[in-house]
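# Report on the structure
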Amino acid sequence: MKSRIASRNGILAFTILIAIGAGLVLLNAIVAQGLSMRTVTASLLILCFVVFTVGGMLFTGRAFLKWQIAETSSHLTWERSLVIAAVLTTVFGLALLEDLLRAAGEPLLSRLGMIAYLLGAVVVVVAETAHLSKRDWMYPQIVLYVVLAFLAQAAFGASLLQTGLVAGWAGWATILWNLGWLLVMLIVRPRDIYYPVLHHVAPLLIGIALLIQQ
């Protein structure tokens, strides 16, 4: 039992250290490049993945590593709260990205993508908070979020390609990642479609592309 607790604490400590390290790297990038709309947008899009990583590790420990979690434990609250925080961070990052894309001359796809993701975010936050209180999922709402999130981020990828705001690989990767996984989930796993990490990979790539291309 003690070894399991030590292992769990070690994994959590390592995950938190990674998150802190990522935060310091972003802070250094902002100091080096200056505080601007671009660097703040990039930081938020990268941070959404970092925040989810901590929540995702809590989920992995509970669901797959079989950590002994009491029903009254705050573990689940922290886990789902971090998932929600990652979604909200993505909303803020995409909102700023929309402004950058509109300034670069692409007002349509970025606006549609932002509206779609915002609607999906509202739906999934309601579903996540309901799960915390009832320990049950509102699955139709989850499916709606997944579809909206994939399509919204694909729209952002297409918008990136039209503006040249970042390197072309980031736009294509965003489109292919989101449309590809949407098809896989709907065809292969229609009854188990909710894998939140899939919705934070494309923002991470876009954020990195924004930082490395000035």
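In this report, the structure presented in the accompanying data block is examined. For clarity, every value in this text was computed on a predicted model and none was experimentally measured.

## Here we look at the overall build of the protein chain
The helix and strand inventory of the protein chain stands at 7 helices and 0 strands. Helices (α) and strands (β) of the protein chain occur, in sequence order from the N terminus, as α-α-α-α-α-α-α. Here the protein chain has a C-alpha radius of gyration of 18 Å; the compact-globule value for 214 residues is 17 Å, and the two agree. Counting only C-alpha atoms, the protein chain reaches 55 × 40 × 25 Å along its principal axes. A total of 214 residues make up the protein chain; the buried ones form 43% of that total. Put simply, 75% of the contacts in the protein chain that link residues at least 6 apart link residues at least 24 apart. For the protein chain, the exposed area adds up to about 10,800 Å²; of that, 72% sits on carbon and sulfur atoms. Considering the protein chain, the positive charge centre built from 13 side chains and the negative charge centre built from 8 side chains are found 9 Å apart.

## Remarks on the environment of Leu76
Turning to its location among the elements, Leu76 is positioned in helix H3 (residues 75–103). The spatial distance from the C-alpha of Leu76 to the C-alpha of Arg62 is 8.6 Å, given a sequence separation of 14 residues. Residues in contact with Leu76, not counting those within four places in the same chain, are Arg62, Leu132 and Arg135.

## Quick word on the packing of helix H6 (residues 168–188) against helix H7 (residues 201–212)
Between two packed helices, what matters for the description is the angle formed by their axes and the separation of those axes. One can describe the packing of H6 onto H7 by two numbers: an axis separation of 9 Å at closest approach and a directional angle of 180°. By the angle between their axes, H6 is roughly antiparallel relative to H7. Side by side, H6 and H7 meet where Trp169, Ala170, Ala173, Thr174, Trp177 and Asn178 of the first sit next to Val201, Ala202, Leu205, Ile206, Ala209 and Ile212 of the second. Of the residues contributing to the contact of H6 with H7, the split by class is 10 nonpolar, 2 polar and no charged.

## Brief notes about the pattern of salt bridges
Applying the stated criterion to the full structure yields 5 salt bridges. As a salt-bridge pair, Arg189 and Asp192 come within 2.8 Å of each other at their nearest N and O atoms. If you follow the salt bridges from partner to partner, you end up with Arg62, Glu79, Arg80 and Glu128 in one network.

## Focus: helix H4 (residues 108–134)
Helix length check: H4 (27 residues) gives 39 Å between terminal C-alpha atoms against 39 Å at 1.5 Å per residue, within 8%. Directly after H4, the chain includes Arg135, whose backbone phi takes a positive value near 60°.

## Some points on the side chain of Glu79
Note on placement: Glu79 falls in helix H3. Residues contacting Glu79, with those up to four places away along its chain left out, are Gly55, Leu58, Phe59 and Arg62.

Thresholds, definitions, all that
- Residues numbered from 1 in each chain as written.
- Predicted model: local features only at pLDDT ≥ 70, side-chain atom pairs only at ≥ 80, totals over all residues.
- Heavy atoms only, no water.
- Helix = DSSP H or I, 4+ residues; strand = E, 2+ residues; numbered from the N terminus.
- Rg over C-alpha atoms; globule rule 2.2 N^0.38 Å.
- Buried < 20%, exposed > 50% of the residue type's maximum accessible area, 1.4 Å probe, protein only.
- Contact = heavy atoms within 4.5 Å.
- Areas by Shrake-Rupley, 256 points an atom, 1.4 Å probe, with all protein chains shown as cover.
- Lys, Arg positive; Asp, Glu negative; His and termini not counted.
- Charge placed at Lys NZ, Arg CZ, Asp CG, Glu CD.
- Axes fitted to C-alpha atoms, helices over the stretch in contact; angles between N-to-C directions.
- Parallel < 35°, antiparallel > 145°, perpendicular 65-115°, else oblique.
- Nonpolar A, V, L, I, M, F, W, Y, C, P; charged D, E, K, R; others polar.
- Salt bridge = Lys/Arg side-chain N within 4 Å of Asp/Glu carboxyl O.
- Expected span 1.5 Å × (residues − 1).

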